[in-house]
There are 2 protein chains.
Amino acid sequence: MAAIPEAACPLCREDGGQLIARHDKFRLIRATGSDAADCPGFYRVVWNAHVAEFSDLAEADQLLCLRAVSAVERVLRDCLQPAKVNLAALGNMVPHLHWHVIARHDWDSRWPAPIWAAPQRAAAEARLAALRERLPACDAAIAALVF
Amino acid sequence: MAAIPEAACPLCREDGGQLIARHDKFRLIRATGSDAADCPGFYRVVWNAHVAEFSDLAEADQLLCLRAVSAVERVLRDCLQPAKVNLAALGNMVPHLHWHVIARHDWDSRWPAPIWAAPQRAAAEARLAALRERLPACDAAIAALVF
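No experiment lies behind these values; they were computed from the predicted model shown.

1. As for the interface of chain A and chain B
At step 1: Of the residues lining the interface, 37 residues belong to chain A; the matching set on chain B comes to 37 residues.
At step 2: Across the chain A/chain B interface, buried area totals approximately 3,400 Å², and carbon plus sulfur atoms make up 53% of it.
At step 3: Between chain A and chain B we count 8 salt bridges in total.
At step 4: The partner of A:Glu53 in a salt bridge is B:Lys84, with the nearest N and O atoms 2.7 Å apart.
At step 5: On the surface where chain A and chain B come into contact, there are 30 residue pairs in polar contact (both at pLDDT 80 or more).
At step 6: At the level of elements, helix H2 (59-80), strand E4 (84-89) and strand E5 (98-104) of chain A are the ones that each hand at least two residues to the side of chain A that touches chain B.
At step 7: Among the elements that line the side of chain A that touches chain B, the one with the most residues is H2(A), at 9 residues.
At step 8: Of the residues contributing to the side of chain A that touches chain B, the split by class is 22 nonpolar, 6 polar and 9 charged.

Right, dumping it as structure tokens:
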């Protein structure tokens, strides 16, 4: 397994985006910067402990982690009406468990490809701006989640 | 949410790859063809019912589904010694819940990018061939999983 020391791990040193809620074992953040430019409804569940793989967690922690992923997904569905939600735990660059929870729309520049593929069309700026206006309500609903 | 009729859904009509094990609520398959050309240790947990989003499942089913994902991940770690396992539930093209469980190696042509990004280097044919030789043992270990 990939191993980087905790001292060198960006998710041990920083929240990893806009902090929405901090819980005992994980935090909920909204992706910022270039990561979210094309898909602004892009959140992450970041496990607080420096663990690389989902299967490193005890089953109770796996359940808690996936409860958080599922709850964030539900909020995105309610607040942002995506065509699809994409879930992923990759961690090739930063092997510290974090789940991407991404609201995808059928007008986004990479749809229907994964967000890591090349863009297929220009960004729909007016639609992106309208979507960004709904993020504060989405953030608030995620901040209010109880686990 | 994206909705396609079950009659038109490829994962309602076919297994979706090489069938490794069929369980009551899900099946375990190994990806074949171009999907697995660069990353042969590529398995999927396919939910049998035509459900689009992970958060559509009741919590008991979410737990069962993630137990399967985690168990497959464990087998991949044991049998294929990946640098990292990548997990993803996307479904933009086929909105029928399926989890990708992919063994990534630091020599694969897209590493450290997600498998959906463009290749960064030529395929390492000798290493790929050696990895493929280990798939039957990996398949057998996955087939033997009990849920």
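2. Brief notes about the environment of A:Leu131
Residues and elements named next belong to chain A.
At step 1: Here Leu-131 lies in helix H3 (residues 125-133).
At step 2: Residue class for Leu-131 comes out buried when judged on its relative accessible area of 4%.
At step 3: Considering only alpha carbons, one finds Leu-131 and Gln-81, 50 residues apart in sequence, at a separation of 9.8 Å.
At step 4: Sequence-distant contacts of Leu-131, that is, excluding residues within four places in its chain, are made with Pro-40, Leu-80, His-105 and Trp-107.

3. Overview of the relation of the copies chain A and chain B
At step 1: Superposing chain A onto chain B takes a rotation of 180 degrees plus a shift of 0.0 Å along the axis, which leaves an RMSD of 0.0 Å. A rotation of that kind, with that shift, is consistent with a two-fold axis. For chain A, the residue whose C-alpha comes nearest the rotation axis is A:Ala88, separated from it by 2.0 Å.
At step 2: Of all interface residues in chain A, 100% are interface residues in chain B too; the two copies therefore contact each other through one and the same surface.

4. Let's talk about the packing of aromatic side chains
At step 1: Using the criterion set out here, one finds 8 aromatic pairs over all chains in the structure.
At step 2: When the centroid spacing of 5.2 Å and the interplanar angle of 80 degrees are considered together, the rings of A:Phe26 and A:Phe147 count as edge-to-face. Of this pair, A:Phe26 sits in strand E2 (residues 26-30) while A:Phe147 sits in the segment after helix H4 (135-143), placing them 121 residues apart in sequence.
At step 3: Overall, the relative accessible area of 1% leaves A:Phe26 in the buried class.
At step 4: Overall, the relative accessible area of 37% leaves A:Phe147 in the partly exposed class.
At step 5: For the ring pair A:Trp116 and B:Trp116, a centre distance of 5.7 Å and an interplane angle of 25 degrees mean the geometry is stacked.

Criteria and cut-off values
Residues numbered from 1 in each chain as written. Chains lettered and ligands numbered in written order. Predicted model: local features only at pLDDT ≥ 70, side-chain atom pairs only at ≥ 80, totals over all residues. Heavy atoms only, no water. Contact = heavy atoms within 4.5 Å. Buried area = accessible area lost by both parts, 1.4 Å probe. Salt bridge = Lys/Arg side-chain N within 4 Å of Asp/Glu carboxyl O. Polar contact = N/O pair within 3.5 Å; in protein donor to acceptor, adjacent residues only side chain to side chain. Helix = DSSP H or I, 4+ residues; strand = E, 2+ residues; numbered from the N terminus. Nonpolar A, V, L, I, M, F, W, Y, C, P; charged D, E, K, R; others polar. Buried < 20%, exposed > 50% of the residue type's maximum accessible area, 1.4 Å probe, protein only. Least-squares fit on C-alpha atoms with pLDDT ≥ 70 in both. Phe/Tyr/Trp six-rings, centres within 6.5 Å; stacked < 30°, edge-to-face > 60°.

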